[in-house]
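Residues per chain, in single letters:
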Amino acid sequence: MRTTACVCVILVAVSVGMPSHAQTNSWISPTRGYWDDYSKWSLGITPTNTHTIYITNDVSKTVTIDDFTSGSHPETMTVSNLVLSAPIGVTNTLDLSGAGTNKPLVILDSFSISAGGLLHLTNSALWVQGVITNVSTNAVPTVTNSVFSVDGTVVLTSNGVLTVDSGMYVGL
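The structure presented is a predicted model; accordingly, all values stated were derived computationally and were not measured. (Residues numbered from 1 in each chain as written. Predicted model: local features only at pLDDT ≥ 70, side-chain atom pairs only at ≥ 80, totals over all residues. Heavy atoms only, no water.)

Chemist: For the overall build of the protein chain, give the residues involved together with the corresponding values.
Modeler: A tally of regular secondary structure across the protein chain gives one helix and 14 strands. For the protein chain, the proportion of its 172 residues judged to be buried stands at 37%. For the protein chain, the accessible area works out to roughly 9,200 Å², and carbon and sulfur atoms hold 56% of it. (Helix = DSSP H or I, 4+ residues; strand = E, 2+ residues; numbered from the N terminus. Buried < 20%, exposed > 50% of the residue type's maximum accessible area, 1.4 Å probe, protein only. Areas by Shrake-Rupley, 256 points an atom, 1.4 Å probe, with all protein chains shown as cover.)

Encoded structure:
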């Protein structure tokens with residue numbers, strides 16, 4: 001069991017619309033840590049569905065999503081885009097370990113794993129969902145814009161589940 005300190009901040013926004021594009025939220029810590037640790041992110045907040053997430057800085061590290069994250073911070077489990085990479089000689093790992101398969105990490109648009117990036121799934125799920133259109137019409141719903149590209153490493157071990165709704169490119 002891990003313990004974390006919690007600082008609660010309440011922000012009230014009146015008449016503020018959602019941005020039309022995803023905000024960048026980059027992992028800025030040179031050390032390993034947990035996805036739900038707001039102090040390790042460039043925006044000073046944990047990831048949300050309006051963020052494009054970058055784990056790309058130049059020191060090898062592991063960013064972990066575990067059962068604490070999926071259970072206590074489920075709002076962090078959906079992001080707009082995710083980019084996982086590292087410079088030559090460095091490995092940046094996104095480790096979904098024991099987060100469960102009932103609350104997957106959902107990427108609404110694109111997930112790119114480039115050289116130096118490593119995705120590790122154990123007893124966890126990841127869903128590259130895509131943007132679903134035609135939901136409110138009589139037309140057949142269409143999934144668009146979803147891309148999962150891998151030029152890095154993906155490791156699926158015991159009960160690791162990976163679902164991709166649209167384009168999947170491996171070894172670009």
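Chemist: Before we move on, could you go through the confidence of the model for the protein chain and cite the residues and values that matter?
Modeler: Per-residue pLDDT for the protein chain has a mean of 80; in total, 73% of the residues score no lower than 70. Taken as a whole, residues 4-20 scores under 50 in pLDDT and shows three contacts with residues more than four places along the chain or in a different chain. (pLDDT = per-residue confidence, 0-100. Contact = heavy atoms within 4.5 Å.)

Chemist: Mind laying out the pairing of strand β9 (residues 117-128), listing which residues take part and the relevant values?
Modeler: Strand direction decides the pairing type here: strand β7 (residues 92-107) and β9, joined by 10 bridges, are parallel. Bridge pairing in β9 places I107 opposite V128. Across 10 bridges, the pairing between β9 and strand β13 (residues 153-164) is parallel. Following the sheet pairing, L119 is matched in β13 by V154. (Pairing = 2+ DSSP bridges.)

Chemist: Quick rundown of the environment of P87? Include the residues and the values.
Modeler: Turning to its location among the elements, P87 is positioned in the loop between β6 (81-84) and β7. Separated by 30 residues in sequence, P87 and N57 place their C-alpha atoms 7.7 Å apart.

Chemist: Requested: an account of the packing of aromatic side chains, with residues and values cited.
Modeler: Scanning all chains against the criterion turns up two aromatic pairs. An aromatic cluster is present here, built from W27, W35 and W41 joined pairwise through their rings. (Phe/Tyr/Trp six-rings, centres within 6.5 Å; stacked < 30°, edge-to-face > 60°.)

Chemist: Can you break down unusual backbone geometry residue by residue, with the values?
Modeler: Phi angles above zero are rare outside glycine, and N123 is one such case at about 50°. Mapped onto the elements, N123 comes out in strand β9. Judged by relative accessible area, which is 33%, N123 ranks as partly exposed.

Chemist: An account of the environment of D151 is requested, with residue identities and associated values reported.
Modeler: Position of D151 among the secondary structure elements: in the loop between β12 (147-150) and β13. Sequence-wise, D151 and S114 are 37 residues apart; in three dimensions their C-alpha atoms are separated by 4.7 Å.

Chemist: Could you give an account of the nonpolar core, naming the residues involved and the relevant values?
Modeler: If you look at the biggest cluster of nonpolar residues, it comprises 24 residues, and the most contacted ones within it are W35, I55, L82, L94, L105, F111 and L119. Mapped by element, the contributors of at least two residues to this core are β3 (51-55), β4 (61-65), β6, β7, β8 (110-113), β9 and β12. Sort the elements by how many residues they give to this core and β7 lands first, with five residues. (Core = buried A, V, L, I, M, F, W, Y, C linked by side-chain atoms within 4.5 Å.)

Chemist: Describe the side chain of S70, and please don't skip the residues or the numbers.
Modeler: Relative to the helices and strands, S70 is located in helix α1 (residues 67-72). A polar contact is formed between the side chain of S70 and the backbone oxygen of D67, at a distance of 3.4 Å. A polar atom in the side chain of S70 sits 2.8 Å from the backbone oxygen of A99. In this structure S70 touches M77, A99 and K103, once residues within four positions along its chain are discounted. (Polar contact = N/O pair within 3.5 Å; in protein donor to acceptor, adjacent residues only side chain to side chain.)

Chemist: Describe the side chain of N57, naming the residues involved and giving the relevant values.
Modeler: Mapped onto the fold, N57 is located in the loop between β3 and β4. Sequence-distant contacts of N57, that is, excluding residues within four places in its chain, are made with W27, I28, S29, P30, P87, V90 and N92.

Chemist: Just give me the short version of the environment of T78, but keep the residues and values in it.
Modeler: Along the chain, T78 turns up in strand β5 (residues 78-79). Through-space distance from the C-alpha of T78 to that of W127 is 9.4 Å; in sequence the pair is 49 residues apart.

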